[in-house]
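# Coordinate inspection notes
Below are the chains, spelled out letter by letter.
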Amino acid sequence: MFGLTREALFGTPPVVGQNTGRLPTEHDAIDMVSWITATNTSDDAIEHFLRGASELAEAHTRLPAGELLPDVIGLYRQVQAQLRTGRQRFRQTRDPFRAEADLLAHACLLLGDLRHDRAAVAYGATAALCAQEVGASQAVALSAQAKTARWRRRYAESSELAARGYRCNPATPIRIVLACQEANAAGLLGDFRRAREALHRAEEAANSPLAPDSGSSAWSCPTPRRALYALSAAIQSGDPDGALKAASLADAGWAAGDPWVAGTWAQVRVGAGIAHVMKDALDGAAEQIAPMLTLAPELRMATVTGYLETMDVRLRQRRFRNSALALRLREQIQEFNAAALPTQPAEDNP
């Protein structure tokens, strides 16, 4: 599929006047035009692929991962089938590859949310290859790969992937996400200076002129999502007050009209709860997580349940051993995570 030659895509072109014993005629030129313009697709079909990939990315924050993934894979397979037939004009090949790269990167995100890490790795790498093949930006693919590496606890790899994406990306909202991802991975490595610097770049990008953005795409980074990354970095550096300040910033963003996203909201609530646990304020922790305990099972993605597991580890500390509230919070966490929508085994990935 990748690295195809012109002949593999379009067939052998007509040979004009070579070893034929005759002079070329106008018919040779006409044959060349016919070969160049031969295609099995249309500009409308290509626009359908690009628009479909964009619409599915917009749906990322509204639909559960398990519900959205089949649609992403379905459209990806349509694009792949079109490309594999090898009858597009050159200008009609680049955009389908771009659409395919975006769909593969989106699938990587969704597979990670569903804890299918091995498949996520494969889809992320293929997304980057598709973008590279046609000279398109790899930023979206690198962002998806950075997320997968972080969830696999490969923090150095995650931070470098995000940094690469930030450097190669034009002025689009994914630039903010990439800087935030670098900060998060750096914080998990204990490199808090790099984390602060990356968060500063994220703020600079957010305050600079960017391409128009709905704020609700898989690749968007409105104020609440940016605040979530700052919250995470504050927790990693042992700054519970900074974490609570970031949670307040997220709440202010939603109050000001930023799109409300269930997963981001749930993580902010748990992150604020962790900050209260760090301050030995278990009442505050209980107050923060109470609203999100009724989140629908299909919305309890790996990022949410993983954050709660982190909170559970802190509640197991010696100083909470005799706390009835700590025990109750741990029970709530176990019940919440146990009720999360089960996923298929990794070997059954699409």
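Refer to the preceding data block for the structure.
These notes cover the structure that comes with them. Predicted model, so just to flag it, every value in this text is computed and none were measured. (Residues numbered from 1 in each chain as written. Predicted model: local features only at pLDDT ≥ 70, side-chain atom pairs only at ≥ 80, totals over all residues. Heavy atoms only, no water.)

## Examining the packing of aromatic side chains
Considering all chains together, one arrives at two aromatic pairs under this definition. On the numbers, 6.4 Å between centres and 65° between planes, the contact of Tyr-76 with Tyr-123 is edge-to-face. Of this pair, Tyr-76 sits in helix α4 (residues 65-84) while Tyr-123 sits in helix α6 (residues 117-133), and the two are 47 residues apart along the sequence. A relative accessible area of 13% places Tyr-123 in the buried class. Judged by centre distance (5.6 Å) and plane angle (50°), the rings of Trp-260 and Trp-265 are tilted. Lying across the ring of Tyr-166, Arg-175 places its NZ or CZ 4.0 Å from the centre. (Phe/Tyr/Trp six-rings, centres within 6.5 Å; stacked < 30°, edge-to-face > 60°. Helix = DSSP H or I, 4+ residues; strand = E, 2+ residues; numbered from the N terminus. Buried < 20%, exposed > 50% of the residue type's maximum accessible area, 1.4 Å probe, protein only. Lys NZ or Arg CZ within 6 Å of the ring centre and 35° of its normal.)

## Description of the packing of helix α7 (residues 139-151) against helix α9 (residues 174-189)
Packed helices, taken two at a time, are described by the angle between their axes plus the distance between the axes. Across the interface, α7 lies against α9 with an axial gap of 10 Å and an inter-helix angle of 25°. The pairing of α7 with α9 is recorded here as roughly parallel in orientation. At the point where α7 passes α9, the crossing takes the left-handed sense. On α9, the residues touching Ala-139, Val-140, Leu-142, Ser-143, Ala-146, Lys-147 and Arg-150 of α7 are Ile-174, Val-177, Leu-178, Gln-181, Asn-184 and Leu-188. Class assignment for the residues of the contact of α7 with α9 results in eight nonpolar, three polar and two charged. (Axes fitted to C-alpha atoms, helices over the stretch in contact; angles between N-to-C directions. Parallel < 35°, antiparallel > 145°, perpendicular 65-115°, else oblique. Left-handed = near helix turned anticlockwise from the far one by under 90°. Contact = heavy atoms within 4.5 Å. Nonpolar A, V, L, I, M, F, W, Y, C, P; charged D, E, K, R; others polar.)

## Quick look at α6
Compared with the 24 Å implied by 1.5 Å per residue over 17 residues, the 24 Å span of α6 between its first and last C-alpha is a close match. Of the residues making up α6, those classed as buried are Ala-119, Ala-120, Tyr-123, Gly-124, Ala-127, Ala-128, Cys-130 and Ala-131. In an axial view of α6, the angular spread of the buried residues amounts to 170°, which keeps them on one side of the axis. The exposed set on the far side of α6, more than 90 degrees from its buried face, consists of Arg-118 and Gln-132. Trailing α6 by a residue or two, Gly-135 shows a phi angle of about 70°, which is positive. (Expected span 1.5 Å × (residues − 1). Arc of directions from axis to C-beta.)

## A word on the nonpolar core
Counting residues in each nonpolar core, the largest one holds 65 residues, and the members touching the most others are Leu-69, Val-72, Leu-103, Tyr-123, Ile-174 and Trp-219. Core analysis: the second largest hydrophobic core is formed by 36 residues, Ile-235, Ala-250, Ala-272 and Val-304 among them. (Core = buried A, V, L, I, M, F, W, Y, C linked by side-chain atoms within 4.5 Å.)

## Some remarks on the pattern of salt bridges
Under the criterion given, the structure shown has 16 salt bridges. The closest approach of N and O atoms between Arg-316 and Asp-312, which form a salt bridge, is 2.6 Å. A salt bridge links Arg-328 to Glu-331; its shortest N-O distance comes to 3.4 Å. Within this pair, Arg-328 and its partner Glu-331 are both found in helix α16 (residues 324-338), separated by three residues, close to a single helical turn. (Salt bridge = Lys/Arg side-chain N within 4 Å of Asp/Glu carboxyl O.)

## Here we look at helix α3 (residues 43-59)
In a regular helix each residue adds 1.5 Å, so 17 residues correspond to 24 Å; α3 covers 24 Å between its end C-alpha atoms and thus fits that length. Regarding α3, the residues found buried are Ile-46, Phe-49, Leu-50, Gly-52, Ala-53, Leu-56, Ala-57 and Ala-59.

## Notes on unusual backbone geometry
Phi is positive for Arg-153, which is not a glycine, with a value near 65°. Along the chain, the position of Arg-153 falls in the loop between α7 and α8 (155-168). Take Arg-153: its relative accessible area is 66%, and that puts it in the exposed class. Despite not being glycine, Asp-280 shows a phi value in the positive range, around 65°. Secondary-structure assignment places Asp-280 in the loop between α13 (262-278) and α14 (282-289). A relative accessible area of 47% means that Asp-280 is categorised as partly exposed.

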